[in-house]
Amino acid sequence: MISKSFEIKDYMLEGALVNGFWMTLEDRENLTTEVVYTPAGGKFFGPAATGRMIREIAAKCDSFRSLLPENINCEVAFKDLDNLTYSANGKLPEIRTTEHGEIRVIYRFYVKYYI
């Protein structure tokens, strides 16, 4: 059962603003958090900034995973990048980054097995 969640401040990333934040407890085994990141001080994330954001979001998922019980996993889906999905402590696939006005992601926390 999922019994821990994170606060909006835990999702913050340097160089980005959180412009949308929704948490949904789908059931006792699945919690999703949708976050919309927008650039701080600009209209767009350039290709380099987009790549950096993707890596930082994946690292954030890894960090969340390290704070959770061993049977809870974190994965993140990048909605604006063909729903590219990253699972905590996995390998982030190489992608061609482009300019984005926002980066929308869904962090998903789920029970892998019961202990």
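Scroll up for the structure.
In short, a report on the structure. Each chain carries its own residue numbering, running from 1 in the written order of its sequence. With pLDDT at 70 or above as the cut-off, local features in this predicted model cover only qualifying residues; side-chain atom pairs require 80 or more to be listed or tallied, and sums for whole chains, interfaces and linings still use all residues. As a rule here, side-chain values come from all non-hydrogen atoms in the structure, and water together with hydrogens is ignored.

What follows deals with the overall build of the protein chain. When its secondary structure is counted, the protein chain shows 1 helix and 5 strands. In sequence order, the protein chain lays out its α and β elements as β-β-α-β-β-β. A compact globule built from 115 residues should have a C-alpha radius of gyration of about 13 Å, and the protein chain, at 14 Å, falls within 12% of that. Reported as C-alpha extents along the three principal axes, the dimensions of the protein chain are approximately 45 × 25 × 20 Å. For every residue, the accessible area obtained with a 1.4 Å probe (protein chains only) is divided by the maximum for its type, and the residue is called buried under 20%, exposed over 50%, and partly exposed between those limits. For the protein chain, buried positions account for 39% of its 115 residues. Note on definitions: a residue-residue contact is assigned when non-hydrogen atoms from the two residues lie within 4.5 Å. The long-range share in the protein chain, meaning contacts at least 24 apart out of those at least 6 apart in sequence, stands at 66%. Looking at the protein chain as shown, the accessible area adds up to about 6600 Å², and 50% of this sits on carbon and sulfur atoms. A run of H or I in DSSP becomes a helix once it reaches four residues, and a run of E becomes a strand once it reaches two; helices and strands are each numbered from the N terminus. Radius of gyration: C-alpha atoms only; globule rule: 2.2 Å multiplied by the number of residues to the exponent 0.38. Where accessible areas are quoted, they stem from the Shrake-Rupley method and a 1.4 Å probe; at the residue level, only the protein chains shown are allowed to cover.

This part takes up the nonpolar core. With 29 residues, the main nonpolar core has Y37, I57, F78, V105, Y107 and F109 as its most contacted residues. Secondary-structure elements contributing two or more residues to this core are β2 (30–39), α1 (47–67), β3 (72–78), β4 (84–87) and β5 (103–111). Ranked by residues supplied to this core, first place goes to α1 with 6 residues. When near neighbours in sequence (up to four residues on either side) are disregarded, I57 contacts L13, Y37, V76, F78, I103, V105 and Y107. To define a nonpolar core, start from buried Ala, Val, Leu, Ile, Met, Phe, Trp, Tyr and Cys residues and group those joined through side-chain atoms within 4.5 Å.

What follows deals with the environment of S5. Mapped onto the secondary structure, S5 falls in the segment before β1 (16–27). Once the C-alpha coordinates of S5 and M23 are considered, the two residues, 18 residues apart in sequence, prove to be 9.3 Å apart. Setting aside chain neighbours within four positions, we find S5 in contact with M23 and L31.

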